Amino acid sequence: MSLSRRAFGLCSVAATLTLAGPVGAATRVTKHKDAPGRAPFGVSDPEVTTVAGVAGARFMADMPEAFEDALGSGAILSEAPWLALSGGGDNGAFGAGLLAGWSAAGTRPDFGVVTGISTGALTAPFVFAGPQWDARLQSTYTEITAADIFEFGATKESLLDTWPLKKLIDREVTAELLADIAAQHRRGRRLFVITTNVDTGRPVAWNMGAIAASSVPGAEDLFQKVLLASASIPGMFPPVYIDIENSGRPFAEMHVDGGVTMPFFVAPESMIASGRAQVLPTRRVYVIVNNQLAADFMVTPPMTLGVLGRSLSAAVKAATRLSIGAHEAFARRAEIDLKVASIPADFQVTASGPFDGRYMKALFARGAEIGAADGAFGPQPSRVASHEVRE
């Protein structure tokens, strides 16, 4: 039995493992050192603004004032559209293909702001750095296997180990990529990646351009850790510890998948949900959802991983539809042209397991096709009826 093509994001890993077995994933069991120092750290302690010596490395993604400060005042923020990339695990091949096809058509803009969560966080740096990175983006989403993402064998904090994904990120985040990101950051463009701070239960936006542009030791390591953290679904993958220092006291924060707190990021939730017309510099926002939005049918095996995977998939899909609806209402108030793309309902290829190369290549090709034809961004995606179950 194959995994439904619509299982959402890394949540699909749980269901797939139950149905398909190891499918080529790494199986070496590693021993982990104990988690780093987690000394008492009260909620009343002031928020940290410097991490690893990088000024402005991050801000709380639920704070409008901090968001506006991080944006700055570059003219390109208002002159160019923005792009938000959702999570989706191996379904990230869709967004990667769409963007590559868009580039091939010669109509893809230079986005003033690019944001990413989970698999979208892994896509975002290449998109932000420019179309010259499309070939690398394609290879990342069409040449990897499950063995490049995780290995079987529980850790103290998770069911799977992600040392292969860490190795992949370390290999892909090169000095050349960081230099291109830093150059775009200096133009006034912004690249934000979202993680969830488990200790505070709040979303954190990392200013990846500022990190890439920093010359302090440890900046590259921080960049890589943030990408790994944003894609680390809790329970399935280990959390990522990020060292901070506050008032001379060291602390290792625990960060996991940004999708825990939001499916994609355009602006802080309070701005999106406010009844008042909040002002963003841009007049157009594109959102790429690396999934199909309607519910789907699949016989769920009566096993822990299968129940967990399917349940999380349904919950995240519902949250994504609600978030799109809230953003549509926000866009109307703010007079912003909101464009949302998701995997077409007629995409029928199924995957035999997580990060199945045949499936990802087909999904990338479909994304590239509709991206080149300028047909990706359909109207009113939130009105997909959740009760219309697709088989």
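Note that the structure is predicted; figures quoted are calculated from it, not measured.

S.K.: Mind showing me how you'd approach the environment of Ala294 here?
M.R.: Examined against the element boundaries, Ala294 turns out to sit in the loop between β12 (284-289) and α12 (304-334). Between the alpha carbons of Ala294 and Arg321 there is a distance of 8.9 Å; along the sequence they are 27 residues apart.

S.K.: Explain the environment of Met360 to me, please; I cannot follow it from the model alone.
M.R.: Along the polypeptide, Met360 turns up in helix α13 (residues 357-372). In this structure, the C-alpha to C-alpha distance between Met360 and Asp90, residues 270 residues apart in sequence, is 6.6 Å. Residues within four places of Met360 in sequence aside, it is in contact with Asp90, Ala93, Tyr141, Thr142, Ile144 and Phe355.

S.K.: Whenever I open this one, the packing of aromatic side chains confuses me. Can you help?
M.R.: Two numbers describe a pair of aromatic rings. These are the distance of the centres and the angle of the planes. Tallied over the entire structure, the rule returns 13 aromatic pairs. Centre to centre, the rings of Phe59 and Phe192 are 5.1 Å apart; their planes meet at 85°, and the pair counts as edge-to-face. A residue pair is termed long-range when its members are at least 10 positions apart, and Phe59 in strand β3 (residues 58-60) and Phe192 in strand β8 (residues 190-197) qualify at 133 residues. Relative accessible area serves as the criterion here: at 0%, Phe192 is assigned to the buried category. Site record: aromatic cluster; members linked through ring pairs are Phe59, Phe67, Trp82, Phe192 and Phe265. The ring of Phe128 has Arg189 sitting right over it, with the charged end atom 4.4 Å from the ring centre.

S.K.: It is not clear to me how helix α4 (residues 92-104) should be interpreted in this structure. Could you clarify?
M.R.: The α-helix advances 3.6 residues per turn, and as a result positions three or four apart in sequence lie on the same side. Counted at 1.5 Å a residue, the expected span for α4 with its 13 residues is 18 Å, and the 19 Å between its end C-alpha atoms agrees. The element α4 is extensively covered by neighbouring structure, given that 12 of its 13 residues are classed as buried. Listed as buried for α4 are Gly92, Ala93, Phe94, Gly95, Ala96, Gly97, Leu98, Leu99, Ala100, Gly101, Trp102 and Ser103. Positive backbone phi, at 75°, marks Gly106, one or two positions downstream of α4.

S.K.: Looking at this model, I keep getting lost on the pattern of salt bridges. Mind explaining?
M.R.: Think of it this way: side chains of opposite charge can pair up when their charged atoms draw near. Under the counting rule described, the total for this entry stands at 11 salt bridges. In this structure, Asp337 and Arg284 form a salt bridge, with 2.6 Å as the shortest nitrogen-oxygen distance. Placement of Asp337 in strand β13 (residues 337-342) and of Arg284 in strand β12 is noted, with a sequence separation of 53 residues between them. Note on Arg284: relative accessible area 34%, which makes it partly exposed. For Arg358, the salt bridge identified is with Asp356, shortest N-O distance 3.9 Å. Connected through salt bridges with shared partners, the residues Arg284, Asp337 and Lys339 form a single ionic network.

S.K.: I tried to follow the confidence of the model for the protein on my own but got confused; where do I start?
M.R.: Low pLDDT marks regions whose predicted coordinates should not be analysed in detail. Of all residues in the protein, 83% attain a pLDDT of 70 or more, and the chain-wide mean is 84. Every residue in residues 1-24 is under pLDDT 50, and counting partners more than four places away or in other chains gives 98 contacts. Note that pLDDT drops below 50 for residues 382-391; the model gives that stretch 24 contacts with residues more than four away or on any other chain.

S.K.: How should the packing of helix α5 (residues 119-129) against helix α10 (residues 219-230) be read in this particular structure?
M.R.: The description of two packed helices rests on the angle between their axes and on the distance between the axes. Closest axis-to-axis distance for the α5/α10 pair is 7 Å, and the angle between their directions is 140°. What the angle tells us is that α5 and α10 run oblique. Contacts from Ala121, Leu122 and Pro125 of α5 reach α10 at Phe223, Leu227 and Ser230. Residue composition of the contact of α5 with α10, by class: 5 nonpolar, 1 polar and no charged.

S.K.: Hey, could you run me through unusual backbone geometry in this one?
M.R.: Peptide bonds are mostly trans, and most non-glycine residues show a negative phi. Phi at Glu335 takes a positive value of approximately 55°, unusual for a residue other than glycine. Judged by relative accessible area, Glu335 falls into the exposed class, the value being 65%. One non-glycine residue, Phe355, lies in the positive phi region at around 55°. Along the chain, Phe355 turns up in the loop between β13 and α13. Overall, the relative accessible area of 8% leaves Phe355 in the buried class.

S.K.: What is the right way to look at the packing of α5 against helix α8 (residues 175-186) in this model?
M.R.: One can describe the packing of α5 onto α8 by two numbers: an axis separation of 8 Å at closest approach and a directional angle of 65°. Here α8 runs roughly perpendicular to α5, going by the angle between their axes. As α5 runs across α8, the sense of the crossing is left-handed. Across the interface between the two elements, Pro125, Phe126, Phe128 and Ala129 from α5 touch Leu177, Asp180, Ile181, Gln184 and His185 from α8. Residues that form the contact of α5 with α8 fall into these classes: 6 nonpolar, 2 polar and 1 charged.

S.K.: Whenever I open this one, α10 confuses me. Can you help?
M.R.: Between its first and last C-alpha, α10 extends 17 Å over 12 residues, near the 16 Å set by a 1.5 Å rise per residue. By the criterion of burial, α10 is predominantly enclosed, with 9 of the 12 residues buried. Among the residues of α10, those classed as buried are Ala219, Leu222, Phe223, Gln224, Val226, Leu227, Leu228, Ala229 and Ser230.

S.K.: How should I be thinking about the pairing of strand β5 (residues 113-117) in this particular structure?
M.R.: Both faces of the sheet carry side chains from a regular strand, because those side chains alternate between them. Burial of β5 is extensive: 5 of the 5 residues sit out of reach of the surface. Alternating positions in β5 separate into two faces, Val113, Thr115 and Ile117 on one and Val114 and Gly116 on the other, with burial throughout. Strand direction decides the pairing type here: strand β4 (residues 82-85) and β5, joined by 4 bridges, are parallel. If you follow Ala84 over to β5, its bridge partner there is Thr115. Regarding topology, α4 serves as the crossover connection from β4 to the parallel β5, and that connection is right-handed. Pairing of β5 with β8 involves 5 bridges; the strand directions are parallel.

Analysis parameters
Residues numbered from 1 in each chain as written. Predicted model: local features only at pLDDT ≥ 70, side-chain atom pairs only at ≥ 80, totals over all residues. Heavy atoms only, no water. Helix = DSSP H or I, 4+ residues; strand = E, 2+ residues; numbered from the N terminus. Contact = heavy atoms within 4.5 Å. Phe/Tyr/Trp six-rings, centres within 6.5 Å; stacked < 30°, edge-to-face > 60°. Buried < 20%, exposed > 50% of the residue type's maximum accessible area, 1.4 Å probe, protein only. Lys NZ or Arg CZ within 6 Å of the ring centre and 35° of its normal. Expected span 1.5 Å × (residues − 1). Salt bridge = Lys/Arg side-chain N within 4 Å of Asp/Glu carboxyl O. pLDDT = per-residue confidence, 0-100. Axes fitted to C-alpha atoms, helices over the stretch in contact; angles between N-to-C directions. Parallel < 35°, antiparallel > 145°, perpendicular 65-115°, else oblique. Nonpolar A, V, L, I, M, F, W, Y, C, P; charged D, E, K, R; others polar. Left-handed = near helix turned anticlockwise from the far one by under 90°. Pairing = 2+ DSSP bridges. Right-handed = clockwise from strand over helix to strand, strands pointing away.

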